[in-house]
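# Chain and residue survey
Each chain, written out:
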Amino acid sequence: MKTGLPILLAMLTTFALPLNTVAQGKTSLQVSKSITINADAQKVWALAGDFGGMQNWHPAIASTQLESRSAANGKTETVRVLTLKDGGTITENLISLDQSKMRIQYAIITSVLPISDYSATITVKKLAQGKTEVHWQGHFNRAYQGKGQIPPDQDDDTARKVITQVYESGLASLKQKLETP
């Protein structure tokens, strides 16, 4: 029996490894970043909560164009097309905008980023002594959803790193713009 176990393990390893590279399923990824800004919450919200004004605080965005589109359910939805400074575009759908809770939720429709199924929330929270916390959280999958070997630029790590960079650079720029007189 002891001699059969190594053979069984070798067989399982031989057959399991190729299956792992062929049957790649969706992976649910998440990035969550926060920053404290020395500014009034309403002032922060006026900038961060403006769905059509992301170019005013995010360093990667050159311009934002708002559009109204008819959704499949017959309702009108608000969509923004972000043009990046490198020329790429990202099209996003506004899911909800809650002025009283200072929270905006949106989802990406099309993107040059190495992600899929992306949705995010930006929340602005008033803190003591004129400080404000901005929290940006997103859920997404990597871009590659096919079978076979995952391309190196479309894997989980790349997707996570790109969104982390988007959030960190955006929050840092938002802080800098609001704290600089």
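Throughout what follows, the structure given in this document is the object of discussion. (Residues numbered from 1 in each chain as written. Predicted model: local features only at pLDDT ≥ 70, side-chain atom pairs only at ≥ 80, totals over all residues. Heavy atoms only, no water.)

## Overview of the layout of surface pockets
- There is about 190 Å³ of room inside the largest pocket.
- In this structure, the largest pocket is lined by 17 residues; those nearest its centre are Ile61, Leu84, Ile90, Leu113 and Val166.
- Among the elements of the structure, β3 (76-84), β4 (89-98), β5 (103-111) and α3 (156-179) are those that each provide at least two residues to the lining of the largest pocket.
- Per-element accounting of the lining of the largest pocket gives the leading share, three residues, to α3.
- Of the residues in the lining of the largest pocket, the class split is 14 nonpolar, one polar and two charged. (1 Å grid on protein atoms, 1.4 Å probe; cavity = no way out; pocket = protein on both sides within 12 Å on 5 of 7 lines; lining within 4 Å. Points joined across faces, edges and corners; volume = space filled by probe spheres on them. Helix = DSSP H or I, 4+ residues; strand = E, 2+ residues; numbered from the N terminus. Nonpolar A, V, L, I, M, F, W, Y, C, P; charged D, E, K, R; others polar.)

## Observations regarding empty space enclosed by the protein
- Counting across every chain of the model gives one cavity of 30 Å³ or more.
- Here the largest cavity defines a volume of roughly 50 Å³.
- Taken together, Ala48, Asp50, Phe51, Met54, Trp57, Arg80, Ile104, Tyr106 and Ile122 make up the lining of the largest cavity.
- The residue inventory of the lining of the largest cavity, partitioned by class, reads seven nonpolar, no polar and two charged.

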